[in-house]
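Spelled out from the first residue to the last, the chains are:
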Amino acid sequence: MLAGEARMLVDGELVGTNSGATFDVVHPASEQVAGTATDGTVDDMERAVGAARRAFDTSDWSRDLEFRHHCLMQLHAALEADKERLRRILITEVGCPVTVTGSQIESPIAEVKHWADHGRAFEYLVDTGLHDTPLGPARRKLHYEPQGVVGAITPWNVPLYLNIAETVPALMAGNTVVLKPAQLTPWSGSELGRIVAEKTDIPAGVFNVVTSNANEVGAALSADPRVDMITFTGSTATGRAILAAAAPTVKKTLLELGGKSAHIVLDDADFNSALPLAAMMACVMSGQSCVLPSRILLPRSRYDEGLAVLQASMENFPMGDPWTPGNMQGPQISETQRRKVLGLIASGLDSGARLVTGGGVPEHLATGYYVQPTLLADVDPDSQIAQEEIFGPVLTVTPYDTDDDAVAIANNSIYGLSGEVSSADMDRAMAVATRMRTGNVSINGKSHFGIDSPFGGTRQSGLGYRNGAQGFTEYLHIKTIGMPE
Ligand code: ADP
């Protein structure tokens, strides 16, 4: 285990809270307290927002593109230098297996450089030429300007990745930022604060990190009239609360919320390639992923065959101590989360689902918040387990008869984050993919996800985009200036 930075970053200073209050950070694999983080208050949040407001309104940060690029390249170099420390802290607070930390350490660090370069090359001024108006021709220029103060609220499942994804493009676009990391993973945020304070020229107030064990501190950030935009990743329930808190001041919100994505396996698919991958996706990160295609839809004509491949893959999945190389599934992040997963499995069985494998706590892993890879068959598409996000290593399987039925079952959800289609026939796969009401689809395991492609949910899975060109312009607004030719 390795404890992370316990202090917050407020107005350029690494600080505790006035009362000295802290809260424990628990390592999910050992259930031991690994260290503490500052239990920041609403007062601390108000000071941080005040500092960010002042830095935006009175410093050159929003106007000095080259300086921002210089600072973010310093941040990139410092993160690179501290990579192994950050990896150990991530494993300590999340329980993520060391073998699969690449997407949570190497990828986000590389993305800092990506956004620095993207922001430097971005055209902030676009001349759209002369336009006819009743009063004669007018030239129009579009000025892309930063939103102002951005509040970033992040979850615990991929904390360093999301702390970077929510703050670095915002900073590079010229905004100032207040980051509120999740209670279970404060260090991936406070470490970022420490590195910014100690290793970069980012001015005081431009980047702030307020850790807290209280939800009201995030709520204060989303309601504060001095904040211009909230960027959030987390549950749909919290997203609704943030949207409501942001409404009185009509803040721009960028929300990446829950998902309940379906994987439509067509009857001509190669089961031996599609289904082991589906099982792996469910178990890596212990299923704690918003994009996980957790509802598998199998053609009735090949139902038993599909279940057998999934069962074998889940029963052989390498699970255990996250520090042991080779293990790819670790514990759930907390006892509360484990209980929630086990409760949803029980509700699935109550509603008539059949347990094919798993369903409980692995006997050989008595310490740590582990849950067995779990496969439930004959799942009613309207039941709670088919409708609610589980965030555990659980796949539900439902049979279908025709491609149309499969699309209807996939779309029977309040969510619309991602989805997957497997088929030997690309035309058929595309016909299905285009009818799925969702923001992203993978065909035959080819990922839709990457820094260069927009990622966002439809329906109750979110508003707006991360990544791609859109993922940068979300942090800008357009001022259109009309002038004589
Ligand atoms: P979980 O319930 O799995 O912890 P959440 O979506 O509730 O996930 O939490 C994600 C982030 O939202 C965390 O940083 C948490 O502190 C924050 N949060 C929780 N409730 C609120 C709220 N009412 N307003 C703003 N932020 C909140």
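Residues numbered from 1 in each chain as written. Predicted model: local features only at pLDDT ≥ 70, side-chain atom pairs only at ≥ 80, totals over all residues. Heavy atoms only, no water.

(A) Summary view of the overall build of the protein. The helix and strand tally for the protein stands at 15 helices and 22 strands. On C-alpha atoms alone, the protein measures out to a radius of gyration of 23 Å, which is about the 23 Å that the 2.2 N^0.38 rule sets for 485 residues. Its C-alpha atoms put the protein at 70 × 65 × 40 Å along the principal axes. Out of the 485 residues belonging to the protein, those deemed buried represent 58%. Across the protein, the fraction of contacts at a sequence separation of at least 24, relative to all contacts at a separation of at least 6, is 73%. Accessible area of the protein: about 18300 Å², with a carbon and sulfur share of 53%. Each charge class in the protein can be summarised by its mean position, and for the 37 positive and 57 negative side chains these summaries are 4 Å apart. (Helix = DSSP H or I, 4+ residues; strand = E, 2+ residues; numbered from the N terminus. Rg over C-alpha atoms; globule rule 2.2 N^0.38 Å. Buried < 20%, exposed > 50% of the residue type's maximum accessible area, 1.4 Å probe, protein only. Contact = heavy atoms within 4.5 Å. Areas by Shrake-Rupley, 256 points an atom, 1.4 Å probe, with all protein chains shown as cover. Lys, Arg positive; Asp, Glu negative; His and termini not counted. Charge placed at Lys NZ, Arg CZ, Asp CG, Glu CD.)

(B) Spotlight on the domain arrangement of the protein. The domain architecture assigned to the protein consists of domain 1 (8-257 + 461-483) and domain 2 (262-443). Taking only C-alpha atoms into account, the centre of domain 1 sits 32 Å from that of domain 2. Contacts between the two partners involve 28 residues from domain 1 and, on the opposite side, 30 residues from domain 2. For the pair domain 1 and domain 2, the summed buried surface comes to about 2100 Å²; carbon and sulfur atoms form 64% of the total. Counting across the domain 1 and domain 2 interface gives eight residue pairs in polar contact (both at pLDDT 80 or more). (Domains from an automatic or database assignment. Buried area = accessible area lost by both parts, 1.4 Å probe. Polar contact = N/O pair within 3.5 Å; in protein donor to acceptor, adjacent residues only side chain to side chain.)

(C) Structural context of the UniProt feature "domain: Aldehyde dehydrogenase" (unreviewed entry) in the protein. Per the UniProt record, "domain: Aldehyde dehydrogenase" (unreviewed entry) is found at residues 19-481. For the annotated span residues 19-481, helix accounts for 38% and strand for 21% of the residues, and the straight-line distance between the end C-alpha atoms is 49 Å. (UniProt positions renumbered as here; feature names shortened; annotations may be inferred.)

(D) Structural view of the UniProt feature "active site" (unreviewed entry) in the protein. According to UniProt, the feature "active site" (unreviewed entry) maps to Glu-256 in the numbering used here. With respect to the element layout, Glu-256 can be found in strand β11 (residues 252-256). For Glu-256, a relative accessible area of 3% puts it in the buried group. Among all residues touching Glu-256, those that are not within four sequence positions of it are Phe-232, Thr-233, Gly-234, Leu-417, Phe-455, Gly-456, Gly-457, Ser-461, Gly-464, Tyr-465 and Arg-466.

(E) Region of interest: unusual backbone geometry. Of note in this structure, Asp-11 is not a glycine but carries a positive phi near 55°. A positive phi angle, near 50°, is found at Asn-444, a position not held by glycine. Topologically, Asn-444 is positioned in the loop between β19 (442-443) and β20 (458-459).

(F) Quick peek at the site of the ligand. Taken together, 17 residues are adjacent to the ligand, and Thr-154, Lys-180, Gln-183, Ser-235 and Thr-238 come closest. The side chain of Lys-180 places a nitrogen or oxygen atom 2.7 Å from an oxygen atom of the ligand. In the environment of the ligand, an oxygen atom lies 2.7 Å from a nitrogen or oxygen atom belonging to the side chain of Thr-238. Isolated, the ligand exposes 550 Å² of accessible area, and the fraction of that covered by the protein chains is 79%. Broken down by secondary-structure element, the contributors of at least two residues to the shell around the ligand are α7 (215-223) and α8 (236-246). The dominant element in the shell around the ligand, judged by the number of residues it contributes, is α7, at four residues. (Near = heavy atom within 4 Å.)

(G) Representation of the pairing of strand β18 (residues 419-422) within the structure. Along β18, one buried face is formed by Gly-419 and Val-421 and the opposite face, lined by Glu-420 and Ser-422, is buried too. Strand direction decides the pairing type here: β18 and β19, joined by two bridges, are parallel. Along β19, the bridge assignment pairs Glu-420 with Ser-442. As a crossover connection, the stretch from β18 through helix α14 (residues 426-435) into β19 is right-handed. (Pairing = 2+ DSSP bridges. Right-handed = clockwise from strand over helix to strand, strands pointing away.)

(H) Seen up close, the sheet that holds strand β15 (residues 374-377). Ordered by their spatial adjacency, seven strands build an open sheet running β14-β15-β16-β13-β12-β18-β19, and the pairing between neighbours is mixed. The sheet is open, and its two borders are formed by β14 (354-357) and β19, each paired with just one other strand. Together, β12 (261-265), β13 (293-299), β16 (394-400) and β18 form the strand contacts of helix α9 (residues 271-283), whose direction differs from that of β13 by roughly 155°. (Axes fitted to C-alpha atoms, helices over the stretch in contact; angles between N-to-C directions.)

(I) Region of interest: helix α6 (residues 187-199). With 13 residues, α6 extends 17 Å between its outermost C-alpha atoms, agreeing within 8% with the 18 Å of an ideal straight helix rising 1.5 Å per residue. Judged by how many residues are buried, α6 sits mostly within the fold: ten of 13 residues are covered. Listed in full, the buried residues belonging to α6 are Trp-187, Ser-188, Gly-189, Ser-190, Glu-191, Leu-192, Gly-193, Arg-194, Ile-195 and Val-196. (Expected span 1.5 Å × (residues − 1).)

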